[in-house]
Amino acid sequence: MASCADILRSEFPDLDGEVFAYVTGILHGSGADFESVDELVEAVGELLREVSQDAKDDGAIREICQRLFNTLQLDEGRAQRCSQVLLDAPIQLSQITDGYDASVDLLPGLLLKRGQTSMVNAKKLEKAEARLKAKQDKRMERDSLKSSGPLVLEEASASQAASKKETRMESSGKNKSYDVRIENFDVSFGERVLLAGADLNLAFGRRYGLVGRNGLGKTTLLKMIASRSLRIPSHISILHVEQEVAGDETPALQSVLECDTTRESLLREERDLTAKINAGRGEGTEGARLSEIYAKLEEIEADKAPARASVILAGLGFNAKMQQQTTKEFSGGWRMRLALARALFARPDLLLLDEPTNMLDVRAILWLETYLQTWQSTILVVSHDRNFLNAVATDIIHLHSQRLDTYRGDFENFMKIKEERLKNQQREYEAQQQYREHIQVFIDRFRYNANRASQVQSKLKLLEKLPELKPVDKESEVIMKFPDGFEKFSPPVLQLDEVDFYYDPSHYIFCSLSVSADLESRICVVGENGAGKSTMLKILMGELAPVRGIRHAHRNLKIGYFSQHHVDQLDLNISAVELLARKFPGKTEEEYRHQLGSYGVSGELAVRPVASLSGGQKSRVAFAQMTMSCPNFYILDEPTNHLDMETIEALAKALNKFRGGVILVSHDERFIRLVCQELWVCENATVTRIEGGFDQYRDILKEQFRKEGFL
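Cut-offs applied
Residues numbered from 1 in each chain as written. Predicted model: local features only at pLDDT ≥ 70, side-chain atom pairs only at ≥ 80, totals over all residues. Heavy atoms only, no water. Helix = DSSP H or I, 4+ residues; strand = E, 2+ residues; numbered from the N terminus. Buried < 20%, exposed > 50% of the residue type's maximum accessible area, 1.4 Å probe, protein only. Contact = heavy atoms within 4.5 Å. Areas by Shrake-Rupley, 256 points an atom, 1.4 Å probe, with all protein chains shown as cover. Salt bridge = Lys/Arg side-chain N within 4 Å of Asp/Glu carboxyl O. Pairing = 2+ DSSP bridges. Axes fitted to C-alpha atoms, helices over the stretch in contact; angles between N-to-C directions. Expected span 1.5 Å × (residues − 1). Polar contact = N/O pair within 3.5 Å; in protein donor to acceptor, adjacent residues only side chain to side chain. Left-handed = near helix turned anticlockwise from the far one by under 90°. Nonpolar A, V, L, I, M, F, W, Y, C, P; charged D, E, K, R; others polar. Parallel < 35°, antiparallel > 145°, perpendicular 65-115°, else oblique. Phe/Tyr/Trp six-rings, centres within 6.5 Å; stacked < 30°, edge-to-face > 60°. Lys NZ or Arg CZ within 6 Å of the ring centre and 35° of its normal.

Asker: Provide a residue-level description of the overall build of the protein, including the pertinent values.
Answerer: Secondary structure assignment for the protein yields 27 helices and 18 strands. Relative to its full complement of 711 residues, the protein shows a buried share of 43%. Nonlocal contacts in the protein, meaning residues at least 24 apart in sequence, comprise 71% of its contacts between residues at least 6 apart. In the structure as shown, the protein presents an accessible area of about 37800 Å², 48% of it carried by carbon and sulfur atoms.

Asker: Got a sec to walk through the pattern of salt bridges? Specific residues and values, please.
Answerer: In total, this model carries 29 salt bridges according to the counting rule given. For the salt bridge of Arg-337 with Asp-361, the shortest nitrogen-to-oxygen distance reads 3.3 Å. Here Arg-337, found in helix α16 (residues 332–346), pairs with Asp-361, found in the loop between β6 (350–354) and α17 (362–372); they are 24 residues apart in sequence, far enough to count as distant. Here Arg-337 matches Asp-361 in class, with each residue buried. Notably, a salt bridge pairs Arg-673 with Asp-695, separated by 2.6 Å at the nearest N-O pair. You can see Arg-673 sitting in helix α26 (residues 669–675) and its partner Asp-695 sitting in helix α27 (residues 693–708), a full 22 residues away along the chain. The structure contains a network of salt bridges with shared partners spanning Glu-369, Glu-669, Arg-673, Asp-695 and Arg-698.

Asker: Give me the lowdown on the sheet that holds strand β1 (residues 156–160), citing residues and values where you can.
Answerer: Spatially, 3 strands are ordered β1-β2-β3 in an open sheet, and the strand pairing comes out antiparallel. The open sheet has two free edges, formed respectively by β1 and β3 (192–202), since each of these has just one partner strand. Across the sheet, the mean angle separating the axes of adjacent strands is 25 degrees when strand polarity is ignored. Across 5 bridges, the pairing between β1 and strand β2 (residues 180–189) is antiparallel. For Ala-156, the partnering residue across the bridge sits in β2 and is Phe-189. Sitting on the sheet, helix α10 (residues 218–226) touches β1, β2 and β3, and the angle it makes with β2 is about 120 degrees.

Asker: I'd like a description of helix α19 (residues 411–446), backed by residues and values.
Answerer: Between the first and last C-alpha of α19 there are 53 Å, a value that for 36 residues agrees with the 52 Å anticipated at 1.5 Å per step. All of the buried residues in α19 are Phe-411, Phe-414, Lys-418, Tyr-429, Gln-432, Ile-439, Phe-442, Ile-443 and Phe-446. On its buried side, α19 packs onto β4 (207–211), α18 (386–392), β8 (395–400), β9 (403–408), α20 (453–465) and α25 (645–657). Two to three positions downstream of the cap, the backbone nitrogen of Glu-412 sits 3.3 Å from a side-chain oxygen, assigning the N-cap of α19 to Asp-410.

Asker: Give me unusual backbone geometry: which residues, what numbers.
Answerer: Pro-492 follows Pro-491 through a cis peptide bond whose omega is 5 degrees. Structurally, the position occupied by Pro-492 is in the loop between α20 and β10 (494–504). The backbone of Glu-355 shows a phi angle near 50 degrees, a positive value even though the residue is not glycine. Turning to its location among the elements, Glu-355 is positioned in the loop between β6 and α17. Notably, Ala-685 is not glycine yet its phi reads approximately 65 degrees, a positive angle. Within the secondary structure, Ala-685 sits in the loop between β17 (678–683) and β18 (686–689). The class of Ala-685 is partly exposed, set by a relative accessible area of 22%.

Asker: How would you explain the packing of α17 against α27 if you had to name every residue and give the values?
Answerer: The packing of two helices is summarised by the inter-axis angle and the distance between the axes. At a closest axis distance of 10 Å, the pairing of α17 and α27 adopts a crossing angle of 65 degrees. When the axes of α17 and α27 are compared, the crossing they make is right-handed. For the pair α17 and α27, the contacting residues are Val-362, Arg-363, Leu-366, Trp-367 and Glu-369 in the first and Phe-694, Tyr-697, Arg-698, Leu-701, Gln-704, Phe-705 and Glu-708 in the second. In terms of residue class, the contact of α17 with α27 is built from 7 nonpolar, 1 polar and 4 charged.

Asker: Explain the sheet that holds strand β11 (residues 507–517) to me, and be specific about the residues and the numbers.
Answerer: Ordered by their spatial adjacency, 3 strands build an open sheet running β11-β10-β13, and the pairing between neighbours is antiparallel. In this open sheet, the two edge strands, each paired with only one partner strand, are β11 and β13 (548–553). Ignoring which end each strand starts from, the neighbouring axes of this sheet average 30 degrees apart. Inspection of the sheet shows β10 paired to β13 by 5 bridges, in the antiparallel sense. Bridging from a neighbouring strand, Asp-497 pairs with Ile-550 of β13.

Asker: Which residues make up the packing of α16 against α17, and what are the values?
Answerer: Packing of α16 against α17 leaves a shortest axis separation of 13 Å and a crossing angle of 15 degrees. When the axes of α16 and α17 are compared, the pair comes out roughly parallel. For α16 against α17, the interelement crossing comes out left-handed. For the pair α16 and α17, the contacting residues are Arg-337, Leu-340 and Leu-344 in the first and Ala-364, Trp-367, Leu-368, Tyr-371 and Leu-372 in the second. The residue inventory of the contact of α16 with α17, partitioned by class, reads 7 nonpolar, no polar and 1 charged.

Asker: How would you explain the packing of aromatic side chains if you had to name every residue and give the values?
Answerer: The tally for this structure, following the rule as stated, stands at 18 aromatic pairs. When the ring of Phe-694 is compared with that of Tyr-697, the centres are 6.2 Å apart and the planes differ by 70 degrees; the resulting orientation is edge-to-face. Taken together, the residues Phe-694 and Tyr-697, both in helix α27 and 3 residues apart, mark about one turn of the helix. By way of ring pairs, the aromatic residues Phe-482, Phe-486, Phe-562, Tyr-599, Phe-623, Tyr-634 and Phe-658 are connected into one cluster. A cation over a ring is seen here: Arg-452 above Phe-446, with NZ or CZ 4.2 Å from the ring centre. Just above the ring of Phe-442 sits the side chain of Lys-459; from NZ or CZ to the centre is 5.4 Å.

Below is the structure:
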């Protein structure tokens, strides 16, 4: 492609040196400031039109500016060199510098050819320079505010059309229904509209799965419902599992029991009354009140509550010893499990779950699927785990195009019906387009025929009355690709031989561990949380050294690591482009944008603060960062957390096409089936290979549940 200088010389052969220097100076010094071709036209268009002496019209000038803008965008390095100009004669710099005055700009004089006078209107040149300077000052002011001020994130908001009927029923207390009907509401995040004129109907006792692409507003919608920013009858209790349980001296089991406030208040009153009677301070009415309390406790089955809480905790992975530990002894992941256990025990009228499987291992997910199938009240769950939704959901709500569409049945049924709807919608649209074209042909043919005037008018009215159908709004396909331009090398690539490891000598994490992988490997590691899966990955990467045994890695091995806590490793106060620039300096902004775009972070997403991105979008930024150095072996710890289903499918395809090795930890059954050829189970201080794959592992877990009575 021609440089900026070549374009100017070819389009304006009579361009004098002063104007040439001025225009190329703008392109060099302010090229990065131009966000669109319109801004470039505003800066130099009028000047170029005057130079051409009206030989070129506005369209031609804009086309030239477009070529200049494209050149700047595609190759900033080339653009920086485009101000080099061939001089008429050699210049002796030593002669010039003898009487050099720093305040004098010599460049225009050097570039102006002998006997050549400038044809530029000096006043217009000054105006153009003033506009450019004002634009640069504004940009500098904006950048200084961005760097000096604290990061202010946009906030979500919701609005809803008023309903006098609902207001009257709510105020009169006559509304006893537990169905949730939220009609004609909008949800926004900052200036971005997420939902417009949407309706949400949740029938009591149904289990709804909320699905949709990353960043469309699923989590925001749950928060709006939980905070009652959208109108929901006050008698309906809502519980949103969002924050982990606070760490204090309360035992885990007691923490779960305390969320049943009715039971706790009755027991507290019973203790106070009993103590009063035993102390001889009774007034004679305590006995009757105690009888009432005992009747209510029996009615709510208070005596069975500890057993029920214990079963829920055990199903979520808390053994008997852990149930007696204080909440402050648990990590953040286990406290999130405690929050989920409290919600399940409390049994609210409307339970809101946001990616509940992210914090669970395969064993706990299987238990939760079974437990929720008998749930009596309403559930609204955001999940990208296809198998989990098939097991739990009775209905699917699809969030797309700023609206909500509800489908009866599980996720597989939703996919079939959605495809059929899209086909029908496309057929109707195409049929109407053909009909419209047929009528339009008649109108165009007889528009000026007086004998057919009435028929033409009739056809025009018919066109106006036709409902305007829109073409099918198909979601763009997600494509991911891991670079694999590296030479293959023979095994052994990565192996552990008779490895022992512990943090505390009294508790071995691994004993005599021997595993190996090569560039053909597609290995999935499963096991309960705390069994040592992440520890084994760190030993394989060399981040942790074995206490005994040997780690062998090929000299050409280059590992890319994706952590399940990747968000903690990202600087949330800067944009994704700035993040890559700091991690991998020396490349152009276009290269960073191309890398991010390969993982679906494009356009304004790439320049927004990472903190304002959704969970799935942050994961994509982490993938872009991980693959920037082109590793030949990937170790992935829970890579599907927060990703939408389309991205999970794309990730699976990319890993299958990748020419290097893969070891991953995942709880997503479908993802495991799509990618993995080997299944390693991490338990009892070692790793066992399951020959029968995931089906055999699932059967083993179900048998354990039956024996332990967790179902």
